[in-house]
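Breakdown of the fold
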Amino acid sequence: MESILSRLKGNAIILKSYSLVAFAIILFFGSCISKTEDPVITKITAENYKNLTLNLKKKTIVHYWFSYCEPCIKEMPALEKMASENNLDVLHISADKSDSKMQDNLSTVLKKLEMKTCYIVDFDDLYPGGTKFIAIQRDFAKKVGWPSFGSPYYILLDKNGKTIIAADELSKIKQKL
């Protein structure tokens, strides 16, 4: 009888040990998994852009940028704060090359910034026959009727899609609010 009890105690200790190990594994891997969902990156064409800006619900800032642009990333929190404080929507449009390592980097940057959505210029639509020289932002701007510009670039639109101001500095947009 005593040997049965000692075996049962031994089994109970082993079960407790396994339970603790399983619990530790769950805690470890649970902390490694990002709680932030992957951002939604949607390809945008010049035609899509024109349709989007015709159907606005309120004043909107169109923010042209790309994920390797340090000033673009640095100004993002200020842009989001300004939009929130002034009840504005923001359309983030990235000039990163879609379906490439650049798009992967865009996803990484969006996660770090805790952004949920962003548009990316549809490279294949912009260059249907391919190209050796890539100037995504300049060529997209030309297709939608904007002058060539650098990054970051901001366009404040009224709810009818009409331009209030276009500027390369966020402070200039803020002055028009």
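Going by the structure above, here's the rest.
Here we summarise the structure given alongside this text. Please read all numbers here as calculations on a predicted model, not as lab measurements. (Residues numbered from 1 in each chain as written. Predicted model: local features only at pLDDT ≥ 70, side-chain atom pairs only at ≥ 80, totals over all residues. Heavy atoms only, no water.)

A short note on the overall build of the chain
Here is the rule: Helical segments are the DSSP runs of H or I of at least four residues, strand segments are the runs of E of at least two, and each set is numbered from the N terminus. Partly exposed describes any residue whose relative accessible area lies between the buried limit of under 20% and the exposed limit of over 50%, with all areas from a 1.4 Å probe on protein chains only and scaled to the type maximum. Any two residues having at least one pair of non-hydrogen atoms within 4.5 Å are treated as being in contact. Accessibility throughout is a Shrake-Rupley quantity obtained with a 1.4 Å probe, and a residue counts as covered only by protein chains that appear here.
The helix and strand tally for the chain stands at seven helices and six strands. Secondary structure elements of the chain, listed N to C terminal, follow the sequence α-β-α-β-α-β-α-β-α-α-β-β-α. Buried residues in the chain amount to 36% of all 177 residues. For the chain, contacts bridging at least 24 residues in sequence account for 67% of all contacts bridging at least 6. Split by element, the accessible area of the chain, about 11,500 Å² in all, is 57% carbon and sulfur.

Let's talk about the sheet that holds strand β2 (residues 60-65)
Applicable threshold: At least two bridges found by DSSP between two strands are what make those strands a pair. Lines fitted to the C-alpha atoms define the axes, with helices restricted to the stretch that makes contact. Angles between their N-to-C directions range from 0 to 180 degrees.
Sheet architecture is open: six strands sit in the order β1-β4-β3-β2-β5-β6, paired in mixed fashion. With partners counted over all chains shown, the strands left at the sheet margins are β1 (40-44) and β6 (163-167), one partner each. Across this sheet, the average inter-strand angle for adjacent strands is 25°, counted without regard to direction. With two bridges joining them, strand β3 (residues 89-94) and strand β4 (residues 117-121) adopt parallel strand pairing. If you follow S94 over to β4, its bridge partner there is I120. Where helix α2 (residues 46-54) meets the sheet, its contacts fall on β1, β2, β3, β4 and β5 (153-157), and the angle it forms with β1 comes to roughly 105°. Across the sheet, helix α6 (residues 136-144) touches β1, β2, β3, β4 and β5, and the angle it forms with β2 is around 145°.

Quick notes on helix α3 (residues 70-85)
Worth spelling out the cut-off: Here, expected helix span is obtained from the residue count minus one, scaled by 1.5 Å. Bend angle per residue: angle between axes fitted to the 7 residues ending at that residue and the 7 residues starting there.
In this model, α3 (16 residues) spans 24 Å end to end at C-alpha, consistent with the 22 Å of a helix rising 1.5 Å per residue. Along α3, the largest kink reaches about 40° and is centred on M76; proline P77 follows within four residues of it. Among all positions of α3, only C72, M76, L79, M82 and A83 are buried. As for α3, its buried residues are in contact with β2, β3, β5 and α7 (170-175).

Quick notes on helix α4 (residues 101-112)
Short version of the rule: As used in this structure description, the phrase polar contact means that two N or O atoms lie within 3.5 Å; if the pair is within protein, one of them must be able to donate a hydrogen and the other to accept it, and residues adjacent in sequence are counted only when both atoms belong to side chains.
For α4, which comprises twelve residues, the first-to-last C-alpha distance of 17 Å matches the rise-based estimate of 16 Å (1.5 Å per residue) to within 8%. Burial in α4 covers these residues: Q103, N105, L106, S107, V109 and L110. In this fold, the buried residues of α4 make contact with β1, β2, α3, β3 and β4. Where α4 begins, the side chain of S100 points an oxygen toward the backbone nitrogen of M102, at a separation of 3.1 Å. Remark: E114 follows α4 within two positions and exhibits a positive phi of approximately 60°.

Here's the deal with the packing of aromatic side chains
Definition in use: The rule is short: rings of Phe, Tyr and Trp, with Trp giving its six-membered ring, pair when the centres are within 6.5 Å, and they are stacked under 30 degrees, edge-to-face over 60, tilted in between. In this scheme, the term charge over a ring applies when either NZ of a lysine or CZ of an arginine sits within 6 Å of the ring centre and within 35 degrees of the ring normal.
Evaluation of the coordinates by the stated rule reveals six aromatic pairs. Here F149 and Y153 contribute two aromatic rings whose centre-to-centre distance is 4.1 Å and whose plane-to-plane angle is 5°, an arrangement assigned as stacked. Taken together, the ring pairs in this structure connect Y49, Y64, F140, F149 and Y153 into an aromatic cluster. For K97, the ring lying beneath its charged end belongs to F123, and the centroid distance is 4.6 Å.

Considerations on the environment of S148
Position of S148 among the secondary structure elements: in the loop between α6 and β5. By relative accessible area, which is 53% here, S148 ends up exposed. Between the C-alpha atom of S148 and that of Q137, which follows or precedes it by eleven residues, the distance is 7.7 Å.

Without other data, these values stay purely geometric and don't point to any function.
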